[in-house]
Amino acid sequence: MTELGETPRHYWLPTPNPDTGAFVRHAFRGRRWESQSTDTTVCGTDVAMAKPSELDWCTAPTCQDCNGVLREEQQVRGEP
């Protein structure tokens, strides 16, 4: 739980698309990945998780749905 006025924490992690296997960089709630094998992204997708390679970080596009949800939350809180 966050304190009043504190920005909720999230982190980004490249994960494979369940249908195609292509990697996408999704946002997740929390401070950091703690080696869990699955989780739900900010945009609501259930994904398998594993330690990404450096290439995964460099080539995986950012999930625009996750980015949009986080931006909307930021606007609601009145942050720049």
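Here the structure is a predicted model, which means the values were calculated and not measured. (Residues numbered from 1 in each chain as written. Predicted model: local features only at pLDDT ≥ 70, side-chain atom pairs only at ≥ 80, totals over all residues. Heavy atoms only, no water.)

1. Topic: the overall build of the protein chain
Worth spelling out the cut-off: Strands are runs of DSSP state E lasting at least two residues, helices are runs of H or I lasting at least four, and both sets are numbered from the N terminus onward. For this analysis, residues touch if any pair of their heavy atoms sits within 4.5 Å.
Within the protein chain, the secondary structure is distributed over two helices and four strands. Mapped from its N terminus to its C terminus, the protein chain presents α and β elements in the order β-β-β-β-α-α. Its C-alpha atoms give the protein chain principal-axis dimensions of about 35 × 25 × 20 Å. If you take every contact in the protein chain between residues at least 6 apart in sequence, the share linking residues at least 24 apart comes to 43%.

2. Quick notes on the pairing of strand β1 (residues 10-16)
Quick note on the threshold: At least two bridges found by DSSP between two strands are what make those strands a pair.
The pairing of β1 with strand β2 (residues 23-29) spans seven bridges and is classified as antiparallel. In the sheet register, Trp-12 faces β2, and the bridge partner there is Ala-27. Counted between consecutive antiparallel strands, the loop separating β1 from β2 contains six residues, among which Gly-21 sits at a positive phi close to 85°.

3. Topic: unusual backbone geometry
Across residues other than glycine, the phi torsion is negative in most instances, and most of the peptide bonds are trans. In this structure, Ser-35 takes a positive phi of about 65° despite not being glycine. With respect to the helices and strands, the residue Ser-35 is situated in the loop between β2 and β3 (38-40).

4. A word on the packing of aromatic side chains
Selection criterion: Pairing of aromatic rings covers Phe, Tyr and Trp, the last counted by its six-membered ring, and requires centre-to-centre distances within 6.5 Å; plane angles under 30 degrees mean stacked, over 60 mean edge-to-face, and any other angle means tilted. Note on classification: 1.4 Å probe, protein chains only; a residue is buried when its accessible area is under 20% of the maximum for its type, exposed when over 50%, partly exposed between these limits.
If you walk through the whole model with that rule in mind, you get one aromatic pair. Between Tyr-11 and Phe-28 the ring centres are 5.5 Å apart and the planes differ by 25°, which places this aromatic pair in the stacked class. With a gap of 17 residues between them, Tyr-11 in strand β1 and Phe-28 in strand β2 connect regions that are remote in the sequence. Residue classification places Tyr-11 among the buried positions, given a relative accessible area of 9%. Given a relative accessible area of 0%, Phe-28 falls into the buried group.

5. Some thoughts on the pattern of salt bridges
Which entries qualify depends on this criterion: In what follows, salt bridge is the name for a side-chain nitrogen of Lys or Arg lying within 4 Å of a carboxyl oxygen of Asp or Glu.
Per the counting criterion, the structure on display carries one salt bridge. Between Glu-73 and Arg-29 there is a salt bridge, and its shortest N-O distance comes to 2.6 Å. With Glu-73 in helix α2 (residues 64-76) and Arg-29 in strand β2, this pair connects stretches of sequence that are 44 residues apart. Judged by its relative accessible area of 23%, Glu-73 falls in the partly exposed class. With a relative accessible area of 40%, Arg-29 lands in the partly exposed category.

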